[in-house]
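Summary of structural features
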Amino acid sequence: MNTSVIAVSQYLTPHGSLLLGEHNNKLCLCDWINRKNRVQIDMKITRFLCAKYEERESELLSRTISLFNQYFEGEKIEFNIPLLFIGTPFQKKIWNGLMTIPYGETISYSTFAQNIGNPRGIRAVANAVGANPLSIIVPCHRVIGANGRLTGYAGGLNAKKFLLDLEKR
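I will try to describe carefully the structure that is included in this document. Predicted model, so just to flag it, every value in this text is computed and none were measured.

1. Considerations on the packing of aromatic side chains
Enumeration according to the criterion identifies 10 aromatic pairs in this entry. Taken together, a centroid distance of 6.1 Å and an interplanar angle of 20 degrees make the contact between Tyr-11 and Phe-72 stacked. Of the two residues, Tyr-11 is situated in strand E1 (residues 4-13) and Phe-72 in helix H2 (residues 59-72); the sequence distance between them amounts to 61 residues. Since its relative accessible area comes to 14%, Phe-72 is described here as buried. For the pair Phe-72 and Phe-162, a centre-to-centre distance of 6.3 Å together with 20 degrees between the ring planes defines the contact as stacked. A residue pair is termed long-range when its members are at least 10 positions apart, and Phe-72 in helix H2 and Phe-162 in helix H6 (residues 157-168) qualify at 90 residues.

2. Quick notes on the layout of surface pockets
Each pocket or cavity is described by its volume, and for the largest pocket that value is around 330 Å³. Residue lining of the largest pocket: 15 residues in total, with Arg-35, Gly-130, Gly-152, Tyr-153 and Ala-154 positioned closest to the centre. Here the element with the most residues in the lining of the largest pocket is helix H5 (residues 122-130); it accounts for 4 residues. Tallied by class, the residues present in the lining of the largest pocket amount to 6 nonpolar, 6 polar and 3 charged. In this structure, the second largest pocket occupies an estimated 270 Å³ of space. For the second largest pocket, the lining is made up of 14 residues, of which Ile-77, Glu-78, Phe-79, Met-99 and Arg-142 are closest to its centre. Class assignment for the residues of the lining of the second largest pocket results in 10 nonpolar, no polar and 4 charged.

3. Details of the nonpolar core
One finds Leu-27, Phe-68, Tyr-71, Leu-98, Phe-112 and Ile-136 to be the most contacted residues of the largest nonpolar core, which totals 41 residues. Mapped by element, the contributors of at least two residues to this core are E1, strand E2 (16-23), strand E3 (26-32), H2, helix H3 (89-98), helix H4 (109-115), H5 and H6. The greatest single-element share of this core, amounting to 6 residues, is contributed by H2. Among all residues touching Tyr-71, those that are not within four sequence positions of it are Ile-77, Phe-79, Tyr-103, Ile-136, His-141, Leu-163, Leu-166 and Glu-167.

Each value, and the rule that gives it
Residues numbered from 1 in each chain as written. Predicted model: local features only at pLDDT ≥ 70, side-chain atom pairs only at ≥ 80, totals over all residues. Heavy atoms only, no water. Phe/Tyr/Trp six-rings, centres within 6.5 Å; stacked < 30°, edge-to-face > 60°. Helix = DSSP H or I, 4+ residues; strand = E, 2+ residues; numbered from the N terminus. Buried < 20%, exposed > 50% of the residue type's maximum accessible area, 1.4 Å probe, protein only. 1 Å grid on protein atoms, 1.4 Å probe; cavity = no way out; pocket = protein on both sides within 12 Å on 5 of 7 lines; lining within 4 Å. Points joined across faces, edges and corners; volume = space filled by probe spheres on them. Nonpolar A, V, L, I, M, F, W, Y, C, P; charged D, E, K, R; others polar. Core = buried A, V, L, I, M, F, W, Y, C linked by side-chain atoms within 4.5 Å. Contact = heavy atoms within 4.5 Å.

And the structure:
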């Protein structure tokens, strides 16, 4: 079997580093390097794409980095880049749903579960949100606890708070 390449690059945010990955001109990875499930996520992506990570530049990664620079400068931007979701059909449904949460707004897990038609599946929804390999671009940081409390985030709660504060400015 021929192995293709996932071009990867690191991006340093104010709260840690992201690993960016591009395959066939689509972003397939934008995830926190120090994330707890880093190895499992990388294995899932490389296995699914029959590809290996290779540090290299690409137009899409450069464009993504440019958008992140604007985002972290506090500009309200749209991450209008082609994405490649690697997950189950249910996870993809959840990740597409996350893309509808407006910039600067938050939603509780229970309300989000109701909005996507799965009001009894809060735990399954939360697991799919947590499995998101495209952090920030697919804005899982905008999902919070029912009481307004910040709950789990792959980049850590400090990063989640920072992102929400950045978007509320």
